[in-house]
Amino acid sequence: MTDFFAGIAPLRYDPEAETDLAFRHYDPDAVILGKRLEDHLRFAVAWWHSFAWPGTDPFGGPTFLRPWFGEGMAQAKLKADAAFEMFAILGVPFFCFHDADVRPEGATFAESRRNLEEIVDYIGEKMERARTRLLWGTANLFSHRRFMAGAATNPDPDVYAYAAATVKACMDATHRLGGENYVLWGGREGYETLLNTDLARERAQAGRFLQQVVDYKHRIGFKGTILIEPKPQEPSKHQYDYDVATVYGFLKDFGLEKEVKLNIEQGHAILAGHSFEHELALAASLGIFGSIDMNRNDYQSGWDTDQFPDNVPEMARAYYEVLKAGGFTTGGTNFDAKLRRQSLDPEDLIAAHAGAMDVCARALKAAAALLEDGALERARAERYAGWDTPAARAMLEGDLAAAAARVEAEGLEPQPRSGRQERLENLWNRFV
Ligand code: XLS
Ligand code: NI
Ligand code: NI
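Quick caveat: nothing in here was measured; it's all calculated off a predicted structure.

K.L.:
Account for the overall build of the chain, naming residues and giving values.
P.N.:
Each helix and strand in the chain was counted, giving 16 helices and 12 strands. Overall size of the chain, expressed as C-alpha extent along the three principal axes, is 80 × 60 × 45 Å. Here the chain holds 432 residues, and the buried ones make up 49% of them. Put simply, 77% of the contacts in the chain that link residues at least 6 apart link residues at least 24 apart. Total accessible area on the chain stands at roughly 20600 Å², and carbon and sulfur atoms take up 52% of it.

What follows is the structure, encoded as structure tokens:
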């Protein structure tokens, strides 16, 4: 036991609660569309933001002085203790981690790997006594200077080898802890300037690396899902896994579209010039929707500020797409979100997650009610109803000339119809 969260009781669902250290909307046992809310949302805490990030920004050093900060294994274990205490207080079913979040970096790769194995054993023991499971593990292939010019896409083949060794170790760790997914986010898989970059070569390296990852998954019998997390830029000026559409083209190119799904992050969608719901709907339509990283950007600065979500109507749009896609299978809602650097107290960490869980619960409930009501889906189906006629369907089977011939043969004169956007927005707003 640490005393970091001392005095903070496990959070309860209490709609009348006078404190924000409680859930007013998230009742894990509430049944929505035939499924418990906890099983719909599948919340996860991100180890990096909550326990590893010290509150630095480009202008200032650490503001958080956590008792576990430091380089030794003892600190890593203390950090794990605090993490599991927080998981228990929040009652979250999952967590996510990078190797670098949980273990100190060694002087050599072998030492880093041993450190990882030791802490993974420690975490595994804690998991036996806790109800929190692993949503996904991942490798940090972006912080250390060796990865500054990329991991799999590096011009130096020795870095490719190092990336392979790191990912292998992290996949082993994820497998050992029963992870439900393994994530790859290519923070440095991109470029700073085309002047020194061979795009075709780097893309081919990234594709081959991912094929090797998938092969390794099968070799070790890992049953989880491999997920790519798209992001257009930051830290690289231009990242290869730009957005859902780009990643889909990449997966098709390397024959991986049936093997790999996507972990879609709210802030990354916005950075790519999309909405979160657009990215979710597109991934679902392509059959590659996997999981979500939940957060929000600062819309004023435009940065990927990884704040906790606070906007129910916006999140309802997202969960509507998740539910329409059939909900999560191995995926979940990972809070890839961090405190503001002035939010120093342990209570801030708990309240941030509690508030975000409530926002997501409200959003999911609103989305579920609208889906159950069916009016939006009826309106959508009605808009395309013309395509249900045999003549319309035959057009897609036939050639261009046959489709063209219909115009004069049937005297077609298309009549524009209202898209009813405001009416549908009114409908939407009755539910959120
Ligand atoms: C960074 C990413 C990162 C991934 C995991 O922007 O969101 O946190 O989720 O490497
Ligand atoms: Ni991110
Ligand atoms: Ni993320």
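K.L.:
Break down the sheet that holds strand β6 (residues 181–184) for me, with residues and values.
P.N.:
Strand-to-strand pairing in sheets goes through backbone hydrogen bonds, with the strands running parallel or antiparallel. On the basis of which strands lie adjacent, the closed barrel formed by 8 strands has the order β3-β4-β5-β6-β8-β10-β11-β12 and parallel pairing. Neighbour-to-neighbour, the strand axes of the sheet open up by a mean angle of 30°, direction not taken into account. Relative to strand β12 (residues 333–335), strand β3 (residues 43–46) is paired through 3 bridges, and the arrangement is parallel. Paired with Val45 across the bridge in β12 is Phe335. Lying over the sheet, helix α12 (residues 346–373) contacts β3, β11 (289–294) and β12, oriented at roughly 150° with respect to β12.

K.L.:
If you had to explain the environment of Ala245 to someone new, which residues and values would you point to?
P.N.:
As for its placement among the helices and strands, Ala245 is situated in helix α8 (residues 244–253). A relative accessible area of 43% means that Ala245 is categorised as partly exposed. When the C-alpha positions of Ala245 and Gly331 are compared, they lie 19 Å apart, and in sequence the two are 86 residues distant.

K.L.:
Tell me about the coordination of the nickel ion (ligand 2), and name the residues and values.
P.N.:
Donor atoms from the polypeptide that bind the nickel ion (ligand 2) are Glu265 (OE) and His268 (NE2), placed at 2.1 to 2.2 Å. Metal-centred angles of 76 to 175° between the 4 donor atoms at the nickel ion (ligand 2) mark the site as irregular. A gap of 3.6 Å separates the nickel ion (ligand 2) and the nickel ion (ligand 3), which Glu265 links by coordinating each metal. We note that Glu265, like His268, is buried.

K.L.:
How would you summarise the site of ligand 1 if you had to cite specific residues and measurements?
P.N.:
Trp48, His98, Trp136, Phe142, Trp185, Glu229, Lys231, Glu265, His268, Asp293, Asp304 and Asp336 make up every residue found near ligand 1. Within the side chain of Asp304, one N or O atom sits 3.5 Å away from an oxygen atom of ligand 1. Partitioned by chemical class, the residues of the shell around ligand 1 number 4 nonpolar, 2 polar and 6 charged.

What counts and what doesn't
- Residues numbered from 1 in each chain as written.
- Chains lettered and ligands numbered in written order.
- Predicted model: local features only at pLDDT ≥ 70, side-chain atom pairs only at ≥ 80, totals over all residues.
- Heavy atoms only, no water.
- Helix = DSSP H or I, 4+ residues; strand = E, 2+ residues; numbered from the N terminus.
- Buried < 20%, exposed > 50% of the residue type's maximum accessible area, 1.4 Å probe, protein only.
- Contact = heavy atoms within 4.5 Å.
- Areas by Shrake-Rupley, 256 points an atom, 1.4 Å probe, with all protein chains shown as cover.
- Pairing = 2+ DSSP bridges.
- Axes fitted to C-alpha atoms, helices over the stretch in contact; angles between N-to-C directions.
- Donors = N, O, S within 2.8 Å, 3.2 Å for Na, K, Ca; no water.
- Tetrahedral: all angles 85-135°; square planar, octahedral: opposite > 155°, others 65-115°.
- Near = heavy atom within 4 Å.
- Polar contact = N/O pair within 3.5 Å; in protein donor to acceptor, adjacent residues only side chain to side chain.
- Nonpolar A, V, L, I, M, F, W, Y, C, P; charged D, E, K, R; others polar.

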